[in-house]
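# Residue-level structural notes
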Amino acid sequence: MAAALLDPGELAGLAWCLDAANLPSADLADPGRLFFRFEADSLVGYGGLEGEGADRLLRSIVILADRRGHGVGRTLVTTLEQQARNRGVERLHLLTTTAASFFRALGYTDADRGAAPRAVAAPREFTALCPASAAYLVKAL
């Protein structure tokens with residue numbers, strides 16, 4: 001699977017997919033975010049990293065509906081984890097309302113949202129866009 005960094009002008013496609021999946025898209029153009037398009041012969045999904053430093057948010061993971069259920073999500077997350085490692089990230093954090101079991105199967109563990117590092121807890125994704133009921137998961141890379 002190939003990952004390509006999105007240019008700001010390509011965020012509309014990501015926003016459309018996120019909106020269709022009922023996922024947050026209001027802050028995509030804010031600074032400090034890297035989003036990727038994933039392809040395997042054609043577009044299969046998107047995902048991104050947010051923040052700077054050793055702790056970052058894994059976010060906006062969305063697989064096109066017709067590509068779900070074939071292991072694409074697992075491969076996409078593994079590729080994003082490698083992108084994070086290449087940038088010096090030591091831990092990935094995420095919030096999810098629907099996919100906690102998926103991420104737990106990939107080695108992410110439940111954590112106390114109140115104990116999240118400031119670099120992770122400060123952005124809108126964490127403070128306003130994801131509900132307080134969202135599972136907070138962390139994985140050491």
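Just above, that's the structure.
In what follows, the accompanying structure is described. (Residues numbered from 1 in each chain as written. Predicted model: local features only at pLDDT ≥ 70, side-chain atom pairs only at ≥ 80, totals over all residues. Heavy atoms only, no water.)

### Some points on the overall build of the chain
Keep this limit in mind: Runs of H or I in DSSP of at least four residues are treated as helices and runs of E of at least two as strands, each being numbered from the N terminus. Our radius of gyration is a C-alpha quantity, and the globule rule it is checked against amounts to 2.2 Å times the number of residues to the power 0.38. Think of it in three bands: with a 1.4 Å probe and only protein chains considered, a residue is buried below 20% of the maximum accessible area for its type, exposed above 50%, and partly exposed in between. Two residues form a contact once any of their heavy atoms are found within 4.5 Å. Reported accessibility uses the Shrake-Rupley method at a 1.4 Å probe radius. Residues are deemed covered only where the shown protein chains occlude them. Under the counting rule used here, the positive set is Lys and Arg, the negative set is Asp and Glu, and His together with the chain ends is not counted. A charged residue contributes its charge at one atom only: NZ of Lys, CZ of Arg, CG of Asp or CD of Glu.
Secondary structure assignment for the chain yields 5 helices and 7 strands. In the chain, the succession of helices and strands from N to C terminus is β-α-β-β-β-α-β-α-β-α-α-β. Since a compact globule built from 141 residues should have a radius of gyration of about 14 Å, the 14 Å found for the chain is in line with a globular shape. In terms of overall dimensions, the chain has C-alpha extents of about 40 × 30 × 30 Å along its principal axes. Evaluated residue by residue, the chain yields a buried proportion of 44% over its 141 residues. When contacts within the chain are restricted to residue pairs at least 6 apart in sequence, those whose partners lie at least 24 apart make up 67%. Counting only carbon and sulfur atoms, one obtains 51% of the accessible surface of the chain, whose full area is about 7,000 Å². Both charge centroids of the chain, one from 15 positive and one from 16 negative side chains, sit 3 Å from each other.

### Some details on the packing of aromatic side chains
Between two aromatic rings, the relevant description is the distance of the centres plus the angle of the planes. Where we set the bar: Side-chain rings of Phe, Tyr and Trp (the six-membered ring for Trp) are treated as a pair once their centres are within 6.5 Å; stacked means planes under 30 degrees apart, edge-to-face means over 60, and tilted covers the remaining angles. In this scheme, Lys NZ or Arg CZ marks a charge over a ring once it lies within 6 Å of the ring centre and within 35 degrees of the ring normal.
For the structure shown, the criterion picks out 4 aromatic pairs. Centre to centre, the rings of F126 and Y136 are 5.5 Å apart; their planes meet at 85°, and the pair counts as edge-to-face. One end of the pair, F126, is in helix α5 (residues 124-129); the other, Y136, is in strand β7 (residues 135-140), and 10 residues separate them in sequence. The two residues F126 and Y136 agree in class, both being buried. Through a chain of ring-to-ring contacts, three or more aromatic side chains come together here, namely F102, F103 and Y108. In this arrangement the basic side chain of R113 is found over the ring face of F126, its NZ or CZ atom lying 4.9 Å from the centre.

### Comments concerning the sheet that holds strand β2 (residues 33-39)
Worth spelling out the cut-off: Pairing between two strands is assigned when DSSP locates at least 2 bridges connecting them. Axis definition: a line fitted to C-alpha atoms, limited for helices to the stretch in contact. Angles are taken between N-to-C directions and run from 0 to 180 degrees.
On the basis of which strands lie adjacent, the open sheet formed by 7 strands has the order β1-β2-β3-β4-β5-β7-β6 and mixed pairing. Of all the strands in the sheet, just β1 (2-5) and β6 (109-110) have a single pairing partner and so form its edges. Here helix α1 (residues 11-20) sits on the sheet in contact with β2, β3 (43-50) and β4 (55-63), set at roughly 75° to β4. In this fold helix α2 (residues 72-86) packs onto β1, β2, β3, β4, β5 (91-96) and β7, with an angle of close to 35° to the strand it touches most, β3.

### Some remarks on the state of the cysteines
Selection rule: Note on disulfides: each one is a pair of cysteine sulfur atoms within 2.5 Å.
This structure, assessed with the given rule, holds 0 disulfides. Free cysteine C17: the closest other cysteine sulfur is in C130, separated by 17 Å.

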